[in-house]
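The residues making up each chain are set out below.
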Amino acid sequence: MRGITTLQPGEAVDHTLFIKQSTKGVTTVGKPFMTLILQDKSGDIEAKLWDTNEEHEQKYAAETIVHVGGEIHEYRGKNQLRIKTIRVVGPEEGISITDLVPSSAVPKEELYDELTQFFFEIKNPNISRITRYIMKEFKEDILVFPAATKNHHDYVSGLLDHMVSMLRLGKAIGDLYPTLNRDLLYAGIMLHDIGKVRELSGPIATTYTVEGNLLGHITIMVTEIAKAADALKIEGEEVLLLQHLVLSHHGQEEWGSPKRPMIQEAEILHYIDNIDAKMNMFNRVLSKTQPGQFTERVFALDNRAFYKPTID
């Protein structure tokens, strides 16, 4: 059966799906409704349930498996699922969450093996020890967590996938520009988003934790770097530089960066992060678009639609 995100407007839906998010709202005339984000291995799609009540809110809560009948339609440049029938799938039907949750195309063990090869390229002992200490502490979560709740790498092992892809980019850029300090660049790539394992709830039906809402992954990791340095009895500029890489990786204050990059490695880290996140979004939206057609609008890419060329 084709994945839910590969269907085009007008095509029928007869799919078993996982409720990734479930939120309630009220129309302009005061009628309650629910917005469901439904997903299978191919990705997720938004759907609306109209004229809902408390029973619906309990029955169709996040982390519930449902069977949905309906049709795909286009709304404001994006595909939506128009629900005609919906029912909860019971355990006796033999369908598990893992059957419906997107994950990295490459097994997490292979990704982590590739990542660990970059440890051997970090020559500065203080940078190496701090990075290895933090990676070891959070390894089990790094293996399975997403990198976000939506937009990019928002799937099982997405965080690890994002890190490895960024390390490949960092290596290529380091080859072109040898003045870059690879120790700082590789460590910054590994550390910059690890705070998300505490900012986010986990790989399934991901939401923000209380700590994530109040502090955010940047603040969390700056503190973890300080704690690691203290535990290892490391002092010096390396600690400050690693903290700056994390603090500035969003690039600009309006994008959530407490500081703008002030060393070249921090500037490049920001660009690499941005490139990999955007390419992940491009790959996803173009994979479900036919050649010669435009994609649906992508909110995180300035709400633009993109043309998929017919040429090879």
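Structural notes, computed from the coordinates. Every value quoted in this text rests on a predicted model; they were computed, and no experiment measured them.

Here's the deal with the nonpolar core
Thinking step 1. Judged by nonpolar contacts, the single largest core of 50 residues is most densely connected at Leu-115 and Ile-130.
Thinking step 2. Listing elements by their share of this core, those giving two or more residues are α2 (108-117), α3 (125-137), α5 (158-176), α6 (182-191), α9 (217-231), α10 (237-248) and α11 (264-287).
Thinking step 3. Every residue in contact with Leu-115, bar those within four places of it in the chain, is listed here: Met-135, Leu-160, Met-163, Val-164, Leu-167 and Met-190.
Thinking step 4. With 18 residues, the next largest nonpolar core counts Leu-17, Val-66, Ile-72 and Leu-81 among its residues.

Some points on the pairing of strand β5 (residues 78-88)
Thinking step 1. Here 3 bridges tie strand β3 (residues 43-50) to β5, and the two strands are oriented parallel to one another. Paired with Ala-47 across the strands is Leu-81, a residue of β5.
Thinking step 2. Alignment of strand β4 (residues 65-75) against β5, held across 10 bridges, turns out to be antiparallel. Its bridge partner being in β5, Tyr-75 is matched across the sheet by Lys-78.
Thinking step 3. Between β4 and β5, which follow one another and run antiparallel, lie 2 residues, and Arg-76 among them has a positive phi close to 55°.

Here we look at the environment of Tyr-112
Thinking step 1. If you trace the backbone, Tyr-112 turns up in helix α2.
Thinking step 2. For Tyr-112, a relative accessible area of 10% translates into the label buried.
Thinking step 3. In sequence terms Tyr-112 and Met-163 are 51 residues apart; their C-alpha atoms lie 9.5 Å from each other.
Thinking step 4. Setting aside its immediate chain neighbours within four residues, Tyr-112 contacts Met-135, Lys-139, Leu-143 and Leu-160.

Points about the pattern of salt bridges
For side chains of opposite charge, pairing can occur when their charged atoms come near one another.
Thinking step 1. One pass over the full model with this rule turns up 18 salt bridges.
Thinking step 2. The salt bridge partner of Glu-224 is Arg-198, with a shortest N-O separation of 2.8 Å. Of this pair, Glu-224 sits in helix α9 while Arg-198 sits in helix α7 (residues 196-199), and the two are 26 residues apart along the sequence.
Thinking step 3. If you follow the salt bridges from partner to partner, you end up with Lys-20, Asp-44, Asp-154 and Arg-284 in one network.

Reading guide: rules and limits
- Residues numbered from 1 in each chain as written.
- Predicted model: local features only at pLDDT ≥ 70, side-chain atom pairs only at ≥ 80, totals over all residues.
- Heavy atoms only, no water.
- Core = buried A, V, L, I, M, F, W, Y, C linked by side-chain atoms within 4.5 Å.
- Buried < 20%, exposed > 50% of the residue type's maximum accessible area, 1.4 Å probe, protein only.
- Helix = DSSP H or I, 4+ residues; strand = E, 2+ residues; numbered from the N terminus.
- Contact = heavy atoms within 4.5 Å.
- Pairing = 2+ DSSP bridges.
- Salt bridge = Lys/Arg side-chain N within 4 Å of Asp/Glu carboxyl O.

Taken by themselves, the reported measurements are silent on function.
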